[in-house]
There are 2 protein chains.
Amino acid sequence: MARKLLTKPRKTASQERSRATVGALLEATARILVKEGFDKASTNRIAEVAGVSVGSLYQYFPGKEALVAAVIERHRQEILQTVRSELAKAWTLPVEQAMRKLVAVAVKAHRVDPRLHHVLTEQIPRVGRLETLETFGRENFALFRTYLESRRDELRVDDLELASFVCVTTIEAVTHNAVLHHSKLLTDARMDALVEETACLLIRYLKG
Amino acid sequence: MARKLLTKPRKTASQERSRATVGALLEATARILVKEGFDKASTNRIAEVAGVSVGSLYQYFPGKEALVAAVIERHRQEILQTVRSELAKAWTLPVEQAMRKLVAVAVKAHRVDPRLHHVLTEQIPRVGRLETLETFGRENFALFRTYLESRRDELRVDDLELASFVCVTTIEAVTHNAVLHHSKLLTDARMDALVEETACLLIRYLKG
DNA sequence: GCAGAATACGAGCGATCATTCGCTTTTGGT
DNA sequence: ACCAAAAGCGAATGATCGCTCGTATTCTGC
């Protein structure tokens, strides 16, 4: 019973050195995903790039999937951290400003390590624990809906469930596509135009 | 030189029997992709399900990737066939009607074998020849832009490149999400509401 | 009904990969 | 300085997979 925990702690890293190892592994995984793609990211290769042995890898991660999941979670946290405060601000803004803010924030979120985001969303098969990204979408949906309800009387639309679905999907898709597939066409100024245009789309839809 | 073609025709199926084999292989591949997922779709398993030997598989397909690519292409053609005529109609319609038509057609397209579409878009790593789906998007973009130009004087927007990008991305994302992730919430009547709502979003954006 | 072409077969090869385990090295407390 | 725990190591294992090739079966034209 307790044996399991003694022979296979599998994850707890108490000393400095081991925490560095875990960090190196995550770093190496992200690097390989970006520079060589998902299918080149074998556990042996990851360990090699991290300057660590395969055995050490399996001391802290129960398997390859968990390692990739950890990279995803780390990326998710980075996005949340750069975005949370700005999202809080938007909460009390009137619809026009809130939409601009929201789109701008979405762009910012996608610009946190875009190449990693690209691999994470388009190259990794979303199976098992690797579908964490969908949870992300749900959260956004719930938040957006709550905001719309708080501004119900300003709005033209009446089915807020439907409106939230349309809006959230649109924001995500436009920013995702813009940053990850058309980054060359959209540097700085162009990107501002895109934000304005998308916000305009949403505002005209939500308000009279 | 000609030897290559004699020893490894790799693809041309002249007799009835072989055409049936190719069909069975495509069918089996699609079935496995849907019911067991991409990573369970090994060449041996595909051949087994198709009731064919692995050797036969490699007589008509140079490799696993080509087989999957063929399934993708087949799916693409099915969509095109069920959609082409309706798209042609939309070409001459005024903006309001055209947008409704476009969204409705997009929904229809996504409803052609949704489960296969789901696997194709979300489970298959888009690398090598497997990124054919992006070409699809480009075509839609070009077509939509041309349409907007033909109606330029009716429109509120001036940067048609930008507007096309926003609109096409929105249509694709909303319909995709609706059909593939929320199919239970959106049966028939609900779906009609979604189409109307999305069309409304686009119309209000494009026109004053 | 026969010859040669087309088709089908499937055991097996080589490569890759995730994962294990017995062992060594390092660390921290005493 | 010493020892037990923690961390690290990497060759070896077993499983899977894509793919080949020599052989057997079926078809087609004559």
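Bear in mind that the values here come from a model prediction, so they are computed numbers and not experimental data.

Our next topic: the overall build of chain A. Within chain A one finds ten helices and zero strands. Its C-alpha atoms give chain A principal-axis dimensions of about 65 × 45 × 30 Å. In chain A, which comprises 208 residues, the share counted as buried stands at 29%. For chain A, contacts bridging at least 24 residues in sequence account for 67% of all contacts bridging at least 6.

Okay, the environment of Cys167(A) next. Residues and elements named next belong to chain A. Residue placement: Cys-167 occurs in helix H9 (residues 160-181). Given 26 C-beta atoms within a 10 Å radius, Cys-167 is considered buried. Excluding anything up to four places from it in sequence, Cys-167 contacts Phe-144 and Leu-202.

Taken together, the contact pairs 23 residues of chain B with 23 residues of chain A. Counting residues per element, the ones that place at least two in the side of chain B that touches chain A are helix H9 (160-181) and helix H10 (189-206) of chain B. For the side of chain B that touches chain A, the element with the most residues is H10(B), which contributes eight residues. Of the residues assigned to the side of chain B that touches chain A, the class counts are twelve nonpolar, six polar and five charged.

Right, let's get into the relation of the copies chain B and chain A. Least-squares fitting of chain B to chain A yields an RMSD of 0.1 Å, with the transformation described by 0.0 Å of translation along the axis and a rotation of 180°. As the rotation angle and translation indicate, the two copies are arranged about a two-fold axis. Among all C-alpha atoms of chain B, that of Thr170(B) lies closest to the rotation axis, at 2.6 Å. Comparing interface residues between copies, 100% of those in chain B also lie at the interface in chain A; the contact surface is shared.

What follows covers the UniProt feature "domain: HTH tetR-type" (unreviewed entry) in chain A. As annotated in UniProt, the feature "domain: HTH tetR-type" (unreviewed entry) corresponds to residues 19-79 of chain A in the numbering used here. Taken as a whole, residues 19-79 of chain A contains 80% helix and 0% strand, while its terminal C-alpha atoms sit 22 Å from one another.

All right, on to helix H10 (residues 189-206) of chain A then. Spanning 18 residues, H10(A) covers 26 Å between terminal C-alpha atoms, matching the ideal 26 Å at 1.5 Å per step. Those residues of H10(A) lying buried are Leu194(A), Val195(A), Thr198(A), Ala199(A), Leu201(A), Leu202(A), Arg204(A), Tyr205(A) and Leu206(A). Residues of H10(A) that are buried make contact with helix H6 (95-110) and H9 of chain A together with H9 and H10 of chain B.

The next point concerns the protein's contact with DNA strand D. Looking at DNA strand D, there are 23 residues lining it, with Thr21(A), Gly55(A), Ser42(B), Gly55(B) and Gly63(B) nearest. Breaking the surface near DNA strand D down by element, the ones donating at least two residues are helix H2 (16-36) and helix H4 (54-60) of chain A together with helix H2 (16-36), helix H3 (43-50) and helix H4 (54-60) of chain B. With four residues, the single largest contributor to the surface near DNA strand D is H4(A). Partitioning the surface near DNA strand D into residue classes produces five nonpolar, 14 polar and four charged.

With 54 residues, the main nonpolar core has Val103(A) and Val103(B) as its most contacted residues. The set of elements that each furnish at least two residues to this core consists of H6, helix H8 (132-150), H9 and H10 of chain A together with helix H6 (95-110), helix H8 (132-150), H9 and H10 of chain B. With sequence-adjacent residues up to four places away left out, Val103(B) is seen in contact with Ile171(B), Thr175(B), Val195(B), Thr198(B) and Ala199(B).

Next up on the list: the UniProt feature "DNA-binding region" (unreviewed entry) in chain A. Following the UniProt record, one finds the feature "DNA-binding region" (unreviewed entry) at residues 42-61 of chain A. End-to-end, the C-alpha atoms of residues 42-61 of chain A are 14 Å apart, and along that stretch the chain is 75% helix and 0% strand.

Before going further, it helps to examine the packing of H2(A) against helix H7 (residues 114-122) of chain A. Residue and element names in this part refer to chain A. Packing of H2 against H7 leaves a shortest axis separation of 9 Å and a crossing angle of 80°. Classified by the angle their axes make, H2 and H7 are roughly perpendicular. Of H7, the residues touching H2 (which contributes Ala-30, Leu-33 and Val-34) are Arg-115, Leu-116 and Val-119.

The environment of DNA strand C is made up of 22 residues, and the closest members are Ser42(A), Gly63(A), Thr21(B), Ser53(B) and Gly55(B). Elements with a minimum of two residues in the surface near DNA strand C: H2, helix H3 (43-50) and H4 of chain A together with H2 and H4 of chain B. Tallied by class, residues from the surface near DNA strand C come to five nonpolar, 13 polar and four charged.

Right, let's talk about unusual backbone geometry for a bit. Residues and elements named next belong to chain A. In this structure, Asp-113 takes a positive phi of about 50° despite not being glycine. Summarising the element assignment, Asp-113 is placed in the loop between H6 and H7. Asp-113 gets classed as partly exposed once you count the C-beta atoms within 10 Å, which come to 15.

All names here are of chain A. It is the contact of helix H5 (residues 64-90) with H6, at a shortest axis distance of 10 Å, that shows an interaxial angle of 175°. Taken together, H5 and H6 sit at an angle that is classed as roughly antiparallel. Contact residues: Ile-79, Thr-82, Val-83, Glu-86, Leu-87, Lys-89 and Ala-90 in H5; Ala-98, Lys-101, Leu-102, Val-105, Lys-108 and Ala-109 in H6. Taken together, the residues of the contact of H5 with H6 sort by class into eight nonpolar, one polar and four charged.

Cut-off values and rules
- Residues numbered from 1 in each chain as written.
- Chains lettered and ligands numbered in written order.
- Predicted model: local features only at pLDDT ≥ 70, side-chain atom pairs only at ≥ 80, totals over all residues.
- Helix = DSSP H or I, 4+ residues; strand = E, 2+ residues; numbered from the N terminus.
- Buried ≥ 20, exposed ≤ 12 C-beta atoms within 10 Å, placed from the backbone.
- Contact = placed C-beta atoms within 7 Å.
- Nonpolar A, V, L, I, M, F, W, Y, C, P; charged D, E, K, R; others polar.
- Least-squares fit on C-alpha atoms with pLDDT ≥ 70 in both.
- UniProt positions renumbered as here; feature names shortened; annotations may be inferred.
- Expected span 1.5 Å × (residues − 1).
- Near = placed C-beta within 6 Å.
- Core = buried A, V, L, I, M, F, W, Y, C linked by C-beta atoms within 7 Å.
- Axes fitted to C-alpha atoms, helices over the stretch in contact; angles between N-to-C directions.
- Parallel < 35°, antiparallel > 145°, perpendicular 65-115°, else oblique.

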